Amino acid sequence: MPPTRRFGYPVFPYTSIDSTMREAAEWAERNAPEGSLIIADEQTAGRGRLGRSWISERGVGLYFSIILRPDIPAASAPVLTLAIGLGVARGIGEVCGRQCDLRWPNDVLLNEKKVSGILVEMESGRDRVRHVIAGVGINVNNSGMPPSLAEIASSLKIETGCEFLLDVVRDHVLAQMERYYGMFLERGAKPVIDAFTRASSYVRGRRVVAENGEQRIQGVTAGLDPSGVLLLERPGGTIEPVLAGSVRPWVDGEI
Ligand code: BTN
C-alpha cells in the first residue's frame, strides 16, 4: 500500500491494457474519486505528449494514471503540470539516490536523458476544472533502449547500474506527487514555480529550441512566468512565452 492519504486509493490494476489514460478517463466519468490509480503491467497503445506513443513493455516499467479533482480554474493547469513533474522527479530521486533534472514542462531526466514522461489531460467546465488525469510512464529496469531513442531516453537501471522493485518506485513517486499536489492546492502557484526553478536546469540560461507542431523557435530560457509558462529570450532580445509543446537543447549551427 502506498504511504499516501489519497493517491492510490482505490487502485484499478490491469495486467495488459491499451492505455491507462483512456481507462482513467472512463473511471473519471463514472465518478471514481480523487486519487484513483489506474495502473498496468504493460500498455499496448501507450500515449505520449504531442501525439507520440509511449513504449510500455511488460515488467520493466511503471505505467499509471491518477484521477485528480482539484477545485481550480482551468487557467491554473500549467502549474499543476509542473507540480506533478516535481513529484515524479523527487520520487525517482529518492529511490535512485540521485537528483533528477526536469525539462519543462515535465520530462524527468537522469544524466541528461529522459527516464520518465508525464501526460496531463484535463476536462473542464466553463472555466473550472472538472477532473485531471495525470499519466506517468517511468523506464525503470529496461536494459536497453530502441536505437532510435538511445541518445535521448534511458532507464533508471541503465543510468544507475541498479535494478529497482517497481512497487517501491511507485510508492515513492506517489508520495511525492501527493506532496507537491498538496503544496499547490494549499499554498498556490508560487512555491511550486520556485521549487521547479530550483530543480530544473532548463528554466534559466539554457539554449533551446521550442517545438510545437510545425512551429520551432530558438532562444535562451529566461525563467517561468507566474502561471508556469516558460519564457524564452530570442536572438533579438525579445522575451516570448512558450505556450505549448516541448523544448530540447539547441545544437550549434541549427536553424
Ligand atoms: C511523454 O510524452 O513524455 C508523456 C508520456 C506519458 C506516458 C504515460 S504511461 C501511463 C499513461 N498512459 C499512457 O498512455 N500514457 C501515460
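About the cut-offs
Residues numbered from 1 in each chain as written. Predicted model: local features only at pLDDT ≥ 70, side-chain atom pairs only at ≥ 80, totals over all residues. Heavy atoms only, no water. Helix = DSSP H or I, 4+ residues; strand = E, 2+ residues; numbered from the N terminus. Rg over C-alpha atoms; globule rule 2.2 N^0.38 Å. Buried < 20%, exposed > 50% of the residue type's maximum accessible area, 1.4 Å probe, protein only. Contact = heavy atoms within 4.5 Å. Areas by Shrake-Rupley, 256 points an atom, 1.4 Å probe, with all protein chains shown as cover. Axes fitted to C-alpha atoms, helices over the stretch in contact; angles between N-to-C directions. Parallel < 35°, antiparallel > 145°, perpendicular 65-115°, else oblique. Nonpolar A, V, L, I, M, F, W, Y, C, P; charged D, E, K, R; others polar.

Enquirer: Outline the overall build of the protein, supporting the account with residue identities and numerical values.
Expert: Each helix and strand in the protein was counted, giving five helices and twelve strands. Taken over C-alpha atoms, the radius of gyration comes to 17 Å for the protein, in line with the 18 Å a tight globule of 255 residues would show. Within the protein, buried positions represent 54% of all 255 residues. Here the contacts in the protein between residues at least 6 apart in sequence split such that 63% fall between residues at least 24 apart. When the accessible surface of the protein is totalled, it reaches about 11,800 Å², and 51% of it is carbon and sulfur.

Enquirer: Got a sec to walk through the packing of helix α4 (residues 166–187) against helix α5 (residues 189–199)? Specific residues and values, please.
Expert: Two quantities define a packed helix pair, namely the angle between the axes and the distance from one axis to the other. The contact between α4 and α5 brings their axes to 7 Å, and the two run at 140°. Comparing the axis directions of α4 and α5 gives the class oblique. Contact with α4, carried on its side by Tyr180, Met183, Phe184 and Arg187, involves Ala189, Pro191, Val192 and Ala195 of α5 and no other residues of that element. In terms of residue class, the contact of α4 with α5 is built from seven nonpolar, no polar and one charged.

Shape descriptors only; they carry no functional weight alone.
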